[in-house]
Structures are given as C-alpha cells and as structure tokens.
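An overview of the molecular structure
Listed below, chain by chain, are the residues.
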Amino acid sequence: DKRLEKLALKMPALKGRQFVAVRQTLTAGSLKSSSYEESSYIRPTETSVDVSFDANGEATISLPGWSVSTFRLTPK
C-alpha cells in the first residue's frame with residue numbers, strides 16, 4: 001500500500017520556522033509482505049522534505065502507510 005499518512009506536529013516554540021526533515025522509513029510496502037517468508041521485501045529508505053510551522057506552531061509530515069519512520073529536523 002503506497003498511501004501516505006499525515007503526522008501532525010504541534011510545537012508552539014517553533015512557530016513560523018522552516019526546517020528540512022530527513023525521514024528514514026522501514027517498510028515492506030504491503031501487508032501481504034512478510035519478513036518471515038521473504039526478508040528482501042523490507043528495505044530502509046531516506047528522503048528529505050521541507051517542513052514549515054505555521055503561526056500556531058503546527059506542521060504536518062507525510063509518512064508511508066504500514067511503516068516505521070523516524071525523522072530529524074534541521075533548520076533551513
């Protein structure tokens with residue numbers, strides 16, 4: 001499943017600031033994949049996306065469905 005899930009971030013101290021988020025994701029991409037049967041399905045990926053916090057200190061980051069993800073924010 002290639003759908004993206006939205007993660008809402010609420011950090012008032014970051015209002016109006018812009019960041020680059022480096023997202024690291026581990027996913028098989030489908031519920032039909034099984035790490036027990038075929039471990040080659042699971043591959044880590046890394047992508048960068050721009051993240052802007054609004055005047056309320058709120059931003060969103062998209063994460064792939066059926067994944068485990070981490071991200072690191074770096075000021076622009």
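Residues numbered from 1 in each chain as written. Predicted model: local features only at pLDDT ≥ 70, side-chain atom pairs only at ≥ 80, totals over all residues. Heavy atoms only, no water.

1. Some points on the environment of Pro 64
We count it as follows: Under the DSSP-based scheme used, a helix requires at least four consecutive residues in state H or I and a strand at least two consecutive residues in state E, with every element numbered from the N terminus. It only takes one pair of heavy atoms within 4.5 Å for two residues to be counted as in contact.
Among the structural elements, Pro 64 can be located in strand S4 (residues 58-64). In sequence terms Pro 64 and Lys 6 are 58 residues apart; their C-alpha atoms lie 8.8 Å from each other. For Pro 64, the contacting residues outside a window of four places in its chain are Arg 3, Leu 4, Arg 23, Thr 25 and Ser 69.

2. Re the pattern of salt bridges
Counted only if it meets this: Only one rule defines a salt bridge in this text: a Lys or Arg side-chain nitrogen within 4 Å of an Asp or Glu carboxyl oxygen. Only protein chains enter the calculation, and the probe is 1.4 Å; a residue is then buried if its accessible area is under 20% of its type maximum, exposed if over 50%, and partly exposed in between.
A full pass over the atoms with the stated rule returns 1 salt bridge. In this structure, the salt-bridge partner of Asp 50 is Lys 76, at a minimum N-O distance of 3.4 Å. Placement of Asp 50 in strand S3 (residues 43-52) and of Lys 76 in the segment after strand S5 (67-75) is noted, with a sequence separation of 26 residues between them. Overall, Asp 50 belongs to the exposed group, its relative accessible area being 53%.

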